[in-house]
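# Inside the fold
Residues per chain are reported as follows:
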Amino acid sequence: MQNSILIISRDNHYLHDILKTEGISSNCTDEINQQAQNCGLIIFNNFTFDEKAITTLNKLSTTKKSIIIINPDGKMKKLSSSIKIIPFDLVKQIYLLNQGKPAQFDKNGVFRASSTSIIKRSEKLIPQADVLRKKLVEIIEQNLPYPLPKIWHLPDKKLAGAIFSHDSDEVTDEELYRINELNTKHNVKATTFMLIKTGSKKCWQSFQKSGQDLQLHQVYFYIPFCPKKFSAFAAKLISNKLTQKFQKHTLSVEKKILEKLSKKKISGVRNHGLFWLDNSTIPLWMHKVGIKFDSTLGAVHDYGYLHGTGLPYFLRMEDYTRLDVLEFPLHIMDYIYLENKEKTRNMTKKFLDNALKYNSIITFDFHHKFLKGKILDWYIETIGYAKKKNILIESMTYFNDFWRKRLNLEISNIKFQNYILNYEIINPNNQNTDGICMTIPLTFKNKKLKTIKYGNKKIAFDKIKIDNKPYAIFEIKKDTNNVCSEFG
Ligand SMILES: [Zn+2]
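Residue numbers here run from 1 along each chain, matching the order of that chain's written sequence. Only residues with pLDDT of 70 or above have their local features reported here, since the model is predicted, and side-chain atom pairs are shown and tallied only from 80 upward, although totals for entire chains, interfaces and linings are computed over all residues.

## Notes on the overall build of the protein chain
Formally: The secondary structure listing takes helices from DSSP runs of H or I that are at least 4 residues long and strands from runs of E that are at least 2 residues long, numbered from the N terminus. Neighbour density around each residue's C-beta defines its exposure: 20 or more other C-beta atoms within 10 Å make it buried, 12 or fewer make it exposed, and counts between make it partly exposed, where C-beta atoms are placed from the backbone. The contact rule is simple: place each C-beta atom from the backbone, and if two of them lie within 7 Å, those residues are in contact.
Across its full length, the protein chain carries 14 helices and 26 strands. Residues classed as buried in the protein chain amount to 41% of the 488 residues present. Put simply, 74% of the contacts in the protein chain that link residues at least 6 apart link residues at least 24 apart.

## Observations concerning the environment of Ile69
Looking at the secondary structure, you find Ile69 in strand E3 (residues 66-71). Look at Ile69 and you get buried, because 23 C-beta atoms sit within 10 Å. When the C-alpha positions of Ile69 and Ile86 are compared, they lie 6.1 Å apart, and in sequence the two are 17 residues distant.

## Looking at the environment of Ile257
If you trace the backbone, Ile257 turns up in helix H9 (residues 241-262). Considered as a pair, Ile257 and Ile196 are 61 residues apart in the sequence and their alpha carbons are 7.5 Å apart.

## Structural notes on the nonpolar core
The following threshold applies: As used throughout, a nonpolar core is a set of buried Ala, Val, Leu, Ile, Met, Phe, Trp, Tyr and Cys residues joined through C-beta atoms within 7 Å of each other. Residue ranges assigned to each domain were obtained from an automatic or database domain assignment.
Counting 79 residues, the largest nonpolar core has Ala162, Ile163, Phe164, Ile391 and Ile393 as its most contacted members. The residues that make up this core include at least three from each of domain 2 (155-396) and domain 3 (409-487). Beyond its immediate sequence surroundings of up to four residues, Ala162 is in contact with Ile362, Phe364, Ala386, Ile391 and Ile393. With eight residues, the next largest nonpolar core counts Ile8, Leu57, Leu60 and Ile67 among its residues.

## Digging into the environment of Pro145
Mapping Pro145 onto the fold places it in the loop between helix H5 (128-143) and strand E7 (150-151). Residue classification places Pro145 among the partly exposed residues on the basis of 16 C-beta atoms within 10 Å.

## Description of helix H12 (residues 341-358)
Because each turn of an α-helix spans 3.6 residues, side chains separated by three or four positions end up pointing in the same direction. To keep things clear, this is the line we draw: To estimate the expected span of a helix, count its residues, drop one, and scale the result by 1.5 Å. Starting at the helix axis, one direction is taken to each C-beta atom, and the arc is that of these directions.
If you check H12, its first and last C-alpha atoms are 25 Å apart, about what 18 residues at 1.5 Å a residue would give, namely 26 Å. Here H12 has its buried residues at Thr348, Phe351, Leu352, Ala355 and Tyr358. Viewed along the axis of H12, the buried residues span an arc of 130°, placing them on a single side of the element. Turned more than 90 degrees from where H12 packs its buried face, Glu342, Lys343, Asn346 and Lys350 sit exposed. The secondary structure elements touched by the buried residues of H12 are H5, strand E15 (332-333), strand E16 (361-365) and helix H13 (373-388). Just beyond H12, the residue with positive phi is Asn359, at close to 55°.

## A look at the packing of H12 against H13
Basically, it comes down to this: Whenever a helix is involved, its axis is fitted only over the stretch in contact; in every case the axis is a line through C-alpha atoms, and angles between N-to-C directions fall within 0 to 180 degrees. Convention used here: angles under 35 degrees read as roughly parallel, angles over 145 as roughly antiparallel, angles from 65 to 115 as roughly perpendicular, and any remaining angle as oblique. Crossings are assigned a handedness: left-handed for a near helix turned anticlockwise from the far helix by less than a right angle, right-handed for a clockwise turn. Three classes are used, and their members are as follows: Ala, Val, Leu, Ile, Met, Phe, Trp, Tyr, Cys and Pro are nonpolar, Asp, Glu, Lys and Arg are charged, and the others, Gly among them, are polar.
Following both chains from N to C, one finds H12 and H13 inclined at 15°, their axes separated by 10 Å at the closest point. Judged by the angle between their axes, H12 and H13 are roughly parallel. Considering the relative orientation of H12 and H13, their crossing is right-handed. Touching Lys341, Arg345, Thr348, Lys349 and Leu352 of H12 are Lys374, Trp378, Thr382, Tyr385 and Ala386, all from H13. Its residues placed into classes, the contact of H12 with H13 shows four nonpolar, two polar and four charged.

## Some remarks on the pairing of strand E9 (residues 191-194)
Rules: Strands are treated as partners if at least two bridges between them are detected by DSSP. Viewed with both strands pointing away, a crossover whose connecting path from the first strand over the helix to the second turns clockwise is right-handed.
Neither face of E9 is left uncovered, since the one carrying Thr191 and Phe193 and the one carrying Thr192 and Met194 both have all their residues buried. Strand direction decides the pairing type here: strand E8 (residues 161-167) and E9, joined by three bridges, are parallel. From the neighbouring strand, His166 faces E9, where its bridge partner is Thr192. The parallel pair E8 and E9 is bridged by helix H6 (residues 173-185), and the resulting crossover is right-handed. Relative to strand E10 (residues 213-218), E9 runs parallel, the two being bridged by four bridges. Across the sheet, residue Met194 finds its bridge partner in E10, namely Leu216. For the handedness criterion, the β-α-β arrangement of E9, helix H7 (residues 201-209) and E10 is classed as right-handed.

## So, the sheet that holds strand E24 (residues 462-466)
Strand order across the open sheet formed by four strands is E7-E20-E25-E24, with antiparallel pairing between neighbours. The open sheet has two free edges, formed respectively by E7 and E24, since each of these has just one partner strand. As judged from the five bridges shared by E24 and strand E25 (residues 469-475), these two strands associate in the antiparallel manner. Paired with Lys463 across the two strands is Ala472, which belongs to E25.

## Side note on H7
Taken together, the buried positions of H7 are occupied by Cys203, Trp204 and Phe207. Take H7 and look down its axis: the buried residues cluster within an arc of 100°, on one side only. Of the exposed residues in H7, the ones pointing more than 90 degrees away from its buried face are Lys201, Lys202 and Lys209. Against the buried residues of H7 lie H6, E9, E10 and H9. With its phi angle positive at about 80°, Gly211 sits one or two positions after the end of H7.

## Overview of unusual backbone geometry
If you check the backbone angles, Glu170 has positive phi at about 45° while not being a glycine. Tracing the backbone through its elements, the reader meets Glu170 in the loop between E8 and H6.

## Here we look at the confidence of the model for the protein chain
To be explicit about the condition: Residue-level confidence of the predictor is what pLDDT reports, using numbers from 0 through 100.
Confidence in the prediction of the protein chain, expressed as mean pLDDT, is 84, and 84% of residues score 70 or more. Within the model, the stretch residues 22-27 combines pLDDT values under 50 with 17 contacts to residues more than four positions away or in other chains.

The following block contains the structure:
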């Protein structure tokens, strides 16, 4: 069988998150050679094609190996013409889709986190960044001389997830208790983004006791709902250095107040009015203050995959540096229901069906203040529909913890001989792996997967379809790291 090598240069995280396959972070020619012998998939962080690397690659291309490089520079001088180059920059493409254009005033004169105009309205039910990444993974899978094992991005073999969140604007303690009880009754662990001016200390503490997720709804002193004629003035005011410094402090102050009074560490935020100063400053502030996840990117009067994805992603700086803040893009807010009730009900179901198709985690925002009458019916109907479709309902904190736990795992030492695939799962922190699953293709080169073993012990697996292709899915065990799959 002809061995092929695939090299992905530049920050690989977007693919790495999906593939979870061993990557190399330096430009070591020995490692190129070693990896080429082993499995043929090389992922580099910020690969630069220096003389030594080019010589090694050119030499390898004269053997029977085929080499494919994914790099923004399609021309790449000095590389042998038999090396295929795909001129593509995944990081840049996904960044543009995910984080959108810089913050600006929307059509109603409201200053929003970022413009989502990069996604066409007719395409908002397609998670474009996810599709892009999946296509690239498909190319990789097809070019590898072995069936590619991957760590599944959803917990408990689920095909989709849903997060129900609430913003506490203009709400009384009584209302907060009522909705907390309602969620507990429906077995929904919701995430409440609490304004420090709403709810009492007692109320905040009761959220913890009932197992619900309490996080911060942050307010900047700047009011996002600014009349159009003042928008130029407002823009000038918020770009002032002193104002910015003050705003930055409001985040850490509000976080500290809520932490002290609720007796809980706050790790997540959603900004009131979906307001961001711009799409690079605020992520950096959050990163510095120790915010671990955010759910500000979305729209009030729109719905869908407006940031190109149904998955959480780490926010980045303008130079694409990855920050330690996981963004859960907001997909549907209740304001859209107020505009068109019947259409929104149907669209919600369609969107949840789509979540199963694209394996997404959908984030809803239902304000406490609206949760009564018809909106409450729609809320309960949506919970019921998600449950009926076996979509996992969990809090944002749960998904944040899961996402990070999963990213700590690595697949390593892949060997494929006589249709037997061996590999190791590296768990550097010896962390709990509950709910983390793994997939491998059910067939490879017309051979069917027969058995999966952990160490010497056979284990059972389920069959699922991802993008219409059949895969085996099984749970990762903490105590064993050797996995062996036999095809025949
Ligand atoms: Zn709000």
